[in-house]
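Survey of secondary and tertiary structure
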Amino acid sequence: MMTDMTKGSPFKILLKFVVPLLLSMVFQQMYNLADSVVAGRFLGVEALAATGAAYPITVLFIAVATGASVGCSVVISQLFGAHDHERMRAAVNTAVITLVVLALTLTVAGEIACPALMQLIHTPKNIFEPTMVYLRIYMAGLLFLFLYNTATAIFNGLGDSRTPLYFLAFSTTFNVILDVAFVTRLDMGIAGVSWATLIAQGISSLLAIVTLVRRLARIPSQRKPARFDGHLLRRMAWIAVPSICQQSFVSIGVFCVQGLINPLGSNAVAGFSAALKISTFALMVMNALPNALSSYAAQNIGAQDIPRVRKGVRACILMSEIVVGGIIVLFLVAGSQVLQLFLGSTVNGVVISIGLEYLLIVAPFYPLVGIKNCCDSVLRGGGAMGPFMVTTFADLALRVALAYLLVPVWGFAGVCYAYPIGWLIGTSISVVFYVCDVWVPQYIRQATRKGISLHPIHRIHIVNKQPEQKQTAAVHQHRHA
C-alpha cells in the first residue's frame, strides 16, 4: 500500500513505515548470513573463510546495486510527494531499464575481474579455489540482485515498505532451505551455498517486479508515461552516482581491511568474517530507520514542508538509539553465543576470541552511527550529495588509514579501534551539515528569506532539480499576515 508521508504525525508515520522496513533489514541480513552459517557449521572453518574472503568482493557489487537504487528512490519519492504521477511512472520505467543494463555489464566485468581481485587482497592459497567457485556462481545472479534492489527502492519511494518485506521473507526462508538441502543432502559443498542464493534471489526478484508493474498500472495518469526519460535519468544519476560512490567507498574500505586480515591466517579470516557479518547485520538493522527517513524527507521536501522534515529527524534519532541500545546489550552479554551460530561448538577458541574482540570494541560506538545515518539520510533526501560524500569519505578514509597505521603496532586490535575513531569524526561532520541546513533546496531558502509562505494550499509542488539547472516553476506567493 502506497503512503503519502506529507500528512499525519511524523512519529507515527515513520514508526508505521519502519516496522516492515526493520523486519526487511533483519531478513536481508539473515539472507546474507545464511551462507556463512551453513558453510561454518556443515563445511568447516575453511569454507567459512572462503565465504568471508568472497565477502569484500561481493560487497563491491552490492554497493553499486544499493547506491543506484537510492537514486531511483529519492527522485520517485520527490515526484510522488509533488503528486506528479506521470513523471513518477516515467522515472520508474527509466530506472528499471538503466539498472538492467548496468547489471548485465557488471556480470561480465565481475566474471573477468574476480581472480585478480582475490589476488589483490592476498587470499590464502588453501581457500582460493573454493572462493572462486562461490564468486563465479554469485556473479551469474547479479541481474536478480539489481532487479530486487530496484523494486524495493521504488516501493519504499512510494511509501510502501510492506511489499518488499513479504518477498524478502519468502526469499530468505527459501534460501536457508536450499542451503541446507544442497550442502547436506546433495553434497554440493561451497557451490551449493552459492546456487541456493542465486535461485532464491532470482524467484523473489521476478515476483517483486511483476507486482510492481501491476501496482503502478493502478496509478491514474492523464497521459501514457514515457518508457525512458533522459532528463529523469540525469536527475536520478545526480543522487545515484554519489550514493554508489558512498557505498563503494565503504566496500573498498572492507576490501582494504580484508587485505590486512588475510595474511594473519585462516583463523583470523574466519573470526573477522563472522564478527564483521554480525556487525554488518546490526548496522543494517540500524539503517532501517534512516532509510525510512530518507523517503520521508524526500516526500516532504517535494511538498516543501521543511519544519515537518526536522520533526521526522528528531523522531528517527530517538527510535534509532533505542534499537542501538538493544543491540549493544546483546553483543556485550551474549557475543560468544552469537559467534557460535557461525562457527559451531567444535571450532577452536582462537577464532571465537578474535571475533569477540572485534564486537566488544566497536559495539559501544554504534550510537554514533545511528546519529550519522539519520543526518546523512536527510542530506541525501534533499539532494545535498556533495556534503553527503564528504561525511562518507572522511569516515572511510580515516578508518582505512588508521587500520594500516595501527595493525603493524597492535595487530588485529588495530583494525578494531580504527572503526570507532572514523565514526566519531564522520558523525561530527554530518551533524554540522544537517544543522547548517545544506540539505534545504535553494528555492525554499530564497522563499523563506523573502517572507514567502509555502503553505500547502498556496503551493505549486516543485521537485528539486540538478543544481546547475534553474528552477522554472513558479511558486504562489502568500505573505504572512
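Cut-offs used in this document
- Residues numbered from 1 in each chain as written.
- Predicted model: local features only at pLDDT ≥ 70, side-chain atom pairs only at ≥ 80, totals over all residues.
- Heavy atoms only, no water.
- Helix = DSSP H or I, 4+ residues; strand = E, 2+ residues; numbered from the N terminus.
- Buried < 20%, exposed > 50% of the residue type's maximum accessible area, 1.4 Å probe, protein only.
- Contact = heavy atoms within 4.5 Å.
- Areas by Shrake-Rupley, 256 points an atom, 1.4 Å probe, with all protein chains shown as cover.
- Expected span 1.5 Å × (residues − 1).
- Polar contact = N/O pair within 3.5 Å; in protein donor to acceptor, adjacent residues only side chain to side chain.
- Core = buried A, V, L, I, M, F, W, Y, C linked by side-chain atoms within 4.5 Å.
- Patch = residues over 30% accessible without salt bridge, like charges linked within 9 Å, V, L, I, M, F, W, Y side chains within 5 Å.
- Salt bridge = Lys/Arg side-chain N within 4 Å of Asp/Glu carboxyl O.

Helix and strand content of the protein: 16 helices and two strands. In the protein, which comprises 481 residues, the share counted as buried stands at 58%. Taking the intrachain contacts of the protein between residues at least 6 apart in sequence as the baseline, contacts between residues at least 24 apart amount to 82%. Carbon and sulfur atoms provide 68% of the accessible area of the protein, an area that totals close to 19300 Å².

Given 3.6 residues to a turn, an α-helix orients residues that are three or four positions apart in the same direction. Its 16 residues place the ends of helix α13 (residues 366–381) 23 Å apart at the C-alpha level, agreeing with the 22 Å of an ideal helix rising 1.5 Å per residue. The buried fraction of α13 is high, at 13 of 16 residues. One or two residues past the end of α13 sits Gly383, with phi positive at roughly 80°.

Tracing the backbone through its elements, the reader meets Thr163 in helix α6 (residues 162–185). Judged by relative accessible area, Thr163 falls into the buried class, the value being 7%. Of note is the side chain of Thr163, whose polar atom sits 3.3 Å from the side chain of Arg215.

Our next topic: the nonpolar core. Among the nonpolar cores identified, the biggest contains 87 residues, and Ile57, Ile76, Met88, Met139 and Trp439 are the most heavily contacted of them. For this core, the element with the highest residue contribution is helix α2 (residues 45–81), accounting for 15 residues. One finds Ile127, Val257, Leu283 and Tyr419 within the second-largest nonpolar core, a separate group that totals 46 residues.

A word on a nonpolar patch on the surface. Residues Phe170, Leu186, Met188, Trp195, Ile199, Ile203 and Leu207 make up a contiguous nonpolar surface patch of about 580 Å² in total accessible area. Considering every element that reaches the nonpolar patch, the biggest residue donor is helix α7 (residues 189–217), with four residues. Along the chain, Leu186 turns up in the loop between α6 and α7. For Leu186, a relative accessible area of 52% gives the class exposed.

With that settled, consider the environment of Cys316. Tracing the chain through its elements places Cys316 in helix α11 (residues 306–343). The class for Cys316 is buried, based on a relative accessible area of 0%. In sequence terms Cys316 and Ala288 are 28 residues apart; their C-alpha atoms lie 10.0 Å from each other. With residues up to four places along the chain from it excluded, the contact list for Cys316 reads Leu14, Leu289, Pro290, Leu293 and Cys374.

Everything listed is a geometric property; what it means functionally is a separate question.
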